[in-house]
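Structure assessment
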Amino acid sequence: MAMNNGVLTRNQLLTAASNIVSEKGVSKLTLEAVANQAGVSKGGLFYHFPSKEDLVQAMIDELSVDFKNDMKDNLQAFHGKGQWTRAYVETMFMRVDDGLKMSSALFASMFTNPKLMEKAQLQYKGLQEQIQNDQIDPVHSTIARLAADGLRFAEMFGLAPLDKETRDKVHGELTKIITKGGI
């Protein structure tokens with residue numbers, strides 16, 4: 001039972017950290033603020049995350065695991081030419097509804113310690129390689145990836161985010177383009 005409580009507490013702390021970054025900004029991400037928002041003692045927080053850097057790394061790791069699981073699920077749904085590109089686009093469009101969880105981890109890592117981004121950068125590099133070798137024109141598959149990234153970053157930064165209807169139409173058109181094998 002203690003294991004389940006430990007996992008629950010860890011998840012509460014990660015959620016609190018993400019909420020603080022999303023709602024108040026990275027500058028307000030302190031271990032004390034996270035403990036207070038999660039309703040956990042400082043000792044409980046230090047048990048899971050001995051430092052702010054450990055907390056931010058855990059946010060990035062959780063994001064990475066969630067992303068990999070979503071990609072894996074989407075890869076199983078698509079077969080043949082453009083499989084990786086379709087799975088990536090689907091995953092990114094799904095994640096738009098995730099709110100600012102991704103941006104919280106990325107913002108926190110950039111401001112806490114840019115070296116924490118290295119794992120994410122390597123993951124993206126691997127994804128880009130898969131997308132470029134996806135049996136469709138590598139430039140077209142890259143354009144599709146960048147379009148999906150652009151949507152996500154527009155949402156993260158509030159840069160003219162799309163309403164749901166328009167987003168769904170863009171998603172449909174991008175899917176058609178990938179399915180046809182190119183732009």
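To be clear, the structure that these remarks concern was listed above.
First, a word on scope: everything that follows refers to the structure included in this document.

1. Observations concerning the pattern of salt bridges
In this structure the tally under the stated criterion is 7 salt bridges. Linking lysine 169 and glutamate 165 is a salt bridge whose minimum nitrogen-to-oxygen distance equals 3.3 Å. Of the two residues, lysine 169 and glutamate 165 both sit in helix H9 (residues 164-179), 4 residues apart, roughly one turn of that helix. Here glutamate 173 and lysine 176 are joined by a salt bridge, their closest N and O atoms 3.0 Å apart.

2. Notes on the side chain of glutamine 123
By secondary structure assignment, the location of glutamine 123 is in helix H7 (residues 118-132). In contact with glutamine 123, other than residues within four places in its own chain, are Ser64, Phe67 and Lys68.

3. Regarding the packing of helix H5 (residues 83-96) against helix H8 (residues 138-157)
Between H5 and H8, the least distance of the axes is 9 Å, while the angle of their chain directions is 5 degrees. If you check the angle between H5 and H8, you find them roughly parallel. Of the residues in H8, those in contact with Thr85, Tyr88, Val89, Met92, Phe93, Arg95 and Val96 of H5 are Ser141, Ala144, Arg145, Ala148, Asp149, Leu151, Arg152 and Glu155. Partitioned by chemical class, the residues of the contact of H5 with H8 number 8 nonpolar, 2 polar and 5 charged.

4. Some words on the side chain of arginine 95
Structurally, arginine 95 can be placed in helix H5. Taking the relative accessible area as the measure of exposure, arginine 95 reaches 2% and is therefore buried. Side-chain polar atoms of arginine 95 contact the backbone oxygen of aspartate 66, separated by 3.4 Å. Ignoring any residue separated from it by four or fewer positions in sequence, one finds arginine 95 in contact with Leu63, Asp66, Phe67, Asp70 and Arg152.

5. Let's talk about unusual backbone geometry
The phi torsion of most residues other than glycine is negative, and most of the peptide bonds are trans. Not every positive phi belongs to a glycine, and glutamine 135 is a case in point at roughly 70 degrees. Looking at the element boundaries, glutamine 135 is found in the loop between H7 and H8. Exposure remark for glutamine 135: the relative accessible area of 59% places this residue in the exposed category. The phi angle at alanine 160 is positive, at roughly 50 degrees, despite the residue not being glycine. Inspection of the secondary structure assignment puts alanine 160 in the loop between H8 and H9. Residue class for alanine 160 comes out exposed when judged on its relative accessible area of 65%.

6. Digging into the packing of aromatic side chains
One pass over the full model with this rule turns up 2 aromatic pairs. With 6.0 Å between their ring centres and 65 degrees between their planes, phenylalanine 67 and tyrosine 88 make a pair best called edge-to-face. Of this pair, phenylalanine 67 sits in helix H4 (residues 52-77) while tyrosine 88 sits in helix H5, and the two are 21 residues apart along the sequence. Judged by relative accessible area, tyrosine 88 falls into the buried class, the value being 0%.

7. Some points on H5
Spanning 14 residues, H5 covers 20 Å between terminal C-alpha atoms, matching the ideal 20 Å at 1.5 Å per step. The element H5 is extensively covered by neighbouring structure, given that 11 of its 14 residues are classed as buried. For H5, every residue scored as buried is listed here: Thr85, Arg86, Ala87, Tyr88, Val89, Glu90, Thr91, Met92, Phe93, Arg95 and Val96. The secondary structure elements touched by the buried residues of H5 are H4, H7, H8 and H9.

Analysis parameters
- Residues numbered from 1 in each chain as written.
- Predicted model: local features only at pLDDT ≥ 70, side-chain atom pairs only at ≥ 80, totals over all residues.
- Heavy atoms only, no water.
- Salt bridge = Lys/Arg side-chain N within 4 Å of Asp/Glu carboxyl O.
- Helix = DSSP H or I, 4+ residues; strand = E, 2+ residues; numbered from the N terminus.
- Contact = heavy atoms within 4.5 Å.
- Axes fitted to C-alpha atoms, helices over the stretch in contact; angles between N-to-C directions.
- Parallel < 35°, antiparallel > 145°, perpendicular 65-115°, else oblique.
- Nonpolar A, V, L, I, M, F, W, Y, C, P; charged D, E, K, R; others polar.
- Buried < 20%, exposed > 50% of the residue type's maximum accessible area, 1.4 Å probe, protein only.
- Polar contact = N/O pair within 3.5 Å; in protein donor to acceptor, adjacent residues only side chain to side chain.
- Phe/Tyr/Trp six-rings, centres within 6.5 Å; stacked < 30°, edge-to-face > 60°.
- Expected span 1.5 Å × (residues − 1).

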